[in-house]
Every structure is written in structure tokens, then in C-alpha cells.
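Observations on the model geometry
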Amino acid sequence: MSKIGRKIGQVASQTPDARQRRAETQRKRQRAANEWNPTTLPVWLTDQVFDNDIQPKLAKLATASIASCLEVHWTWASRIQRGIKRPHRRHWLALAQLTGVSR
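First, a word on scope: everything that follows refers to the structure included in this document. (Residues numbered from 1 in each chain as written. Predicted model: local features only at pLDDT ≥ 70, side-chain atom pairs only at ≥ 80, totals over all residues. Heavy atoms only, no water.)

All right, on to the environment of Gln97 then. Inspection of the secondary structure assignment puts Gln97 in helix H6 (residues 92-99). Each C-alpha atom of the pair Gln97 and Ser78 lies 18 Å from the other, and the pair is 19 residues apart in sequence. (Helix = DSSP H or I, 4+ residues; strand = E, 2+ residues; numbered from the N terminus.)

Listed below in C-alpha cells is the structure:
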């Protein structure tokens with residue numbers, strides 16, 4: 001990307017409309033995290049299952065499929081896919097289904 005293109009993107013991302021949309025997305029995600037009930041997570045879906053069974057399979061999936069499944073931006077999905085970021089536990093069941101992991 002050229003310096004001019006990067007500058008245009010930086011300016012566009014700071015418009016009042018862009019900031020408002022970003023803030024609303026952050027509020028929506030925070031509400032979802034707060035409203036999530038940990039008891040809805042199956043007992044078999046543990047940290048160990050996520051680390052050993054789900055995470056390795058995410059590396060083989062398309063970033064777009066992870067982003068679509070979790071309704072996140074592709075950059076965040078890419079970080080999850082590469083194991084740089086760990087998704088909130090409320091997303092684990094969807095990722096287990098996406099990767100075909102079940103008990």
C-alpha cells in the first residue's frame with residue numbers, strides 16, 4: 001500500500017461516523033461477553049480441548065470462515081487462526097463445530 005493510500009485510510013478511520021460504528025461494535029461485543037453464561041459451555045470443552053484439538057485445526061481453515069463464524073474482522077480471525085489471540089470462551093463451541101471437534 002502506498003503512503004498516500006495508507007494516509008487516506010487513516011483519515012477515513014477517524015471520521016465521526018467511523019468512530020461511532022467502532023464504538024457501537026465494541027459495546028455490542030462487551031454486552032455479549034457480559035451476558036454470556038459460562039454454564040452453557042459443554043463440560044467436555046475445556047482449555048485442554050481448545051488448545052490440543054481446536055486450535056491446531058483452525059490453522060488449516062480459511063481466515064474468512066473463522067471471521068464469518070465469529071462475526072469478527074478478518075484481522076482478528078487471522079490472529080485467532082495463528083494462535084496469537086485466544087477467542088472468548090463464548091466462541092469455543094462455534095469453533096469446535098467449525099473444526100468438527102466434538103465429544
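This next bit is on the nonpolar core. Counting residues in hydrophobic clusters, the biggest one holds 17 residues, and the most contacted among them are Leu45, Phe50, Ile54, Leu58, Ile66, Leu70 and Leu95. When residues of this core are traced back to their parent elements, those giving at least two are helix H3 (47-58), helix H4 (63-70), helix H5 (74-81) and H6. The element that contributes the greatest number of residues to this core is H3, accounting for 4 residues. Setting aside residues up to four positions removed in sequence, Leu58 forms contacts with Phe50, Ile66, Ile80, Gln81, Leu95 and Thr99. (Core = buried A, V, L, I, M, F, W, Y, C linked by side-chain atoms within 4.5 Å. Buried < 20%, exposed > 50% of the residue type's maximum accessible area, 1.4 Å probe, protein only. Contact = heavy atoms within 4.5 Å.)

Here we come to the packing of H4 against H6. Contact pair H4 / H6: the axes reach a minimum separation of 10 Å and the direction vectors enclose 140 degrees. In terms of axis orientation, H4 runs oblique to H6. The hand of the H4/H6 crossing is right-handed. Residues Ser65, Ile66, Cys69 and Leu70 of H4 form the contact with H6, whose participating residues are Ala94, Leu95 and Leu98. (Axes fitted to C-alpha atoms, helices over the stretch in contact; angles between N-to-C directions. Parallel < 35°, antiparallel > 145°, perpendicular 65-115°, else oblique. Left-handed = near helix turned anticlockwise from the far one by under 90°.)

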